[in-house]
Amino acid sequence: MRIGHETRLGTPLRDAQAYPRHHGSPLRTRQDCFSTTKGTARVTCPMCHNPATPTICDECKHQTARDLTWLATNCDDLETNRINRAYGTHKGNGGGGRRSEAPTPVREAIADALYLDRTRNLKQTLNTWARCFNQPPAPDGCLAKQARILNSLDLWAPHKTAVSAIYSTEMHRIVVRLAAIVANMDETKIRLGTCPNPECGKPVYAPADAREATCAHCNNTWTATILRRATDTELCETDAEGTAGELAVMLDTFGIEIAPSTIRSWASRGKLMPILDKHGHATKHYRLADAYKLTDTYKQQHLD
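The rules behind these values
Residues numbered from 1 in each chain as written. Predicted model: local features only at pLDDT ≥ 70, side-chain atom pairs only at ≥ 80, totals over all residues. Heavy atoms only, no water. Helix = DSSP H or I, 4+ residues; strand = E, 2+ residues; numbered from the N terminus. Buried < 20%, exposed > 50% of the residue type's maximum accessible area, 1.4 Å probe, protein only. Contact = heavy atoms within 4.5 Å. Pairing = 2+ DSSP bridges. Salt bridge = Lys/Arg side-chain N within 4 Å of Asp/Glu carboxyl O. Axes fitted to C-alpha atoms, helices over the stretch in contact; angles between N-to-C directions. Left-handed = near helix turned anticlockwise from the far one by under 90°. Nonpolar A, V, L, I, M, F, W, Y, C, P; charged D, E, K, R; others polar. Arc of directions from axis to C-beta. Core = buried A, V, L, I, M, F, W, Y, C linked by side-chain atoms within 4.5 Å.

1. Re the overall build of the chain
Then step 1. Secondary structure summary: the chain contains 10 helices and 10 strands in total.
Then step 2. Going through the 304 residues of the chain one by one, you find that 43% of them count as buried.
Then step 3. Counting only contacts in the chain whose residues sit at least 6 apart along the sequence, the fraction spanning at least 24 positions is 57%.

Here it is, written out as structure tokens:
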């Protein structure tokens, strides 16, 4: 039996002689799992190559359980929340959406790992693995449930060990990929607003999707809604001014990503009025409050 035809993600494995190598190495047969030293067969775990009896070592089994638990915990957030936050409201012309809502590459990375990657995606891996246990495939939005079902099965039964070794290895690579995306999104912090504590008034930073944040100066915790309203009030009432480039930097400190060219475009179309000098001539400086009121962030804050 040719292993290459039995290990595609779309086809349940039936060859109990096939085992995967870690880190992208090609598949090997069960005979390759035994090395001979002075005529004695040495059994090694086909997933991590450590000595094990009879096939998969306990650490690899525990790692598979940890990966499935991670997916059961995080897939709902990835499928319904983070992928949409990454898609966001940022327009192609630089409409001033919040930074966490802007980067299309993040959305594409999540979608590829979950559904679209033709060589290795989570939906295909979990569903093909589940079919080997006579479980129905999971549609989009239900991958967390599929992970919980797999975690409840006897994945390492003697006649299922080869199948689970193949797909648990594929799953682990995808989990590492998704965990890196999540960590990168969580590390990105923006200025949510100014601390409402009258004795503090320092800026408060947190991930853009945080529901609450703690001031690092006075240790008071505020909801993101209160901080965003405070930011909106601050930006609407500020007297700050600057060039298009300077305003873009100022807005970026509040997590509002907008290109200087967009600000200049607003000015050229008459949507953003320049500051006049003492002779009544237009300058290349604009009010920060006026620029902020043209952004998508301001429009979302004032939907009511």
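2. Looking at the pairing of strand S5 (residues 189-194)
Then step 1. Across the 6 residues that make up S5, a large majority, 5, are buried.
Then step 2. Sheet analysis places S5 next to strand S6 (residues 203-207), joined by 5 bridges and oriented antiparallel. Considered in S6, the bridge of isoleucine 190 is made with alanine 206.

3. Structural notes on the pattern of salt bridges
Then step 1. Counted according to the given criterion, the structure contains 6 salt bridges.
Then step 2. Of the charged contacts in the structure, one is a salt bridge between arginine 120 and glutamate 170, with a shortest N-O distance of 2.4 Å. Linking arginine 120 in the loop between helix H2 (104-116) and helix H3 (122-131) with glutamate 170 in helix H5 (residues 161-187), this pair joins segments that are 50 residues apart in sequence.
Then step 3. According to the relative accessible area criterion, glutamate 170 is buried, its value standing at 15%.
Then step 4. Measuring nitrogen to oxygen at the nearest pair gives 3.0 Å for the salt bridge that ties aspartate 290 to arginine 287.
Then step 5. The exposure class assigned to aspartate 290 is partly exposed, which follows from its relative accessible area of 26%.
Then step 6. A relative accessible area of 29% means that arginine 287 is categorised as partly exposed.
Then step 7. Salt bridges linked by common partners bring Arg120, Glu170 and Arg173 together as one network.

4. Re the packing of H3 against helix H4 (residues 143-151)
Then step 1. Across the interface, H3 lies against H4 with an axial gap of 10 Å and an inter-helix angle of 35 degrees. Handedness of the H3/H4 crossing: left-handed. Two secondary-structure elements touch here, H3 through Leu122, Lys123, Leu126, Asn127, Trp129 and Ala130 and H4 through Leu143, Gln146, Ala147 and Leu150.
Then step 2. The residue inventory of the contact of H3 with H4, partitioned by class, reads 7 nonpolar, 2 polar and 1 charged.

5. Here we look at the environment of methionine 273
Then step 1. Looking at the secondary structure, you find methionine 273 in the loop between helix H8 (260-268) and strand S10 (286-287).
Then step 2. Measuring from C-alpha to C-alpha, the distance between methionine 273 and alanine 291 comes to 9.1 Å, with 18 residues separating the pair along the chain.

6. Section: H8
Then step 1. Regarding H8, the residues found buried are Thr262, Ile263, Trp266 and Ala267. Here the buried residues of H8 occupy an arc of 145 degrees about the axis, which is enough to place them on one side.
Then step 2. Each element contacted by the buried residues of H8 is listed here: helix H7 (244-252), S10 and helix H9 (288-292).
Then step 3. One or two steps after H8, the chain reaches glycine 270, where phi turns positive at roughly 80 degrees.

7. Some points on the nonpolar core
Then step 1. One finds Leu68, Leu71, Ile110, Leu122, Leu126, Trp129 and Leu178 to be the most contacted residues of the largest nonpolar core, which totals 39 residues.
Then step 2. Listed by contribution, the elements that provide at least two residues to this core are helix H1 (58-87), H2, H3, H4 and H5.
Then step 3. Beyond its immediate stretch of four places on either side in the chain, leucine 71 contacts Leu122, Leu126, Ala144, Ala147, Met171, Val175 and Leu178.
Then step 4. Counting residues in each nonpolar core, the second largest holds 18 residues, with Ala248, Phe254, Leu272 and Tyr286 among its members.

8. Some details on H4
Then step 1. Residues of H4 that are buried include every one of Leu143, Ala144, Gln146, Ala147 and Leu150, and no others. Take H4 and look down its axis: the buried residues cluster within an arc of 160 degrees, on one side only.

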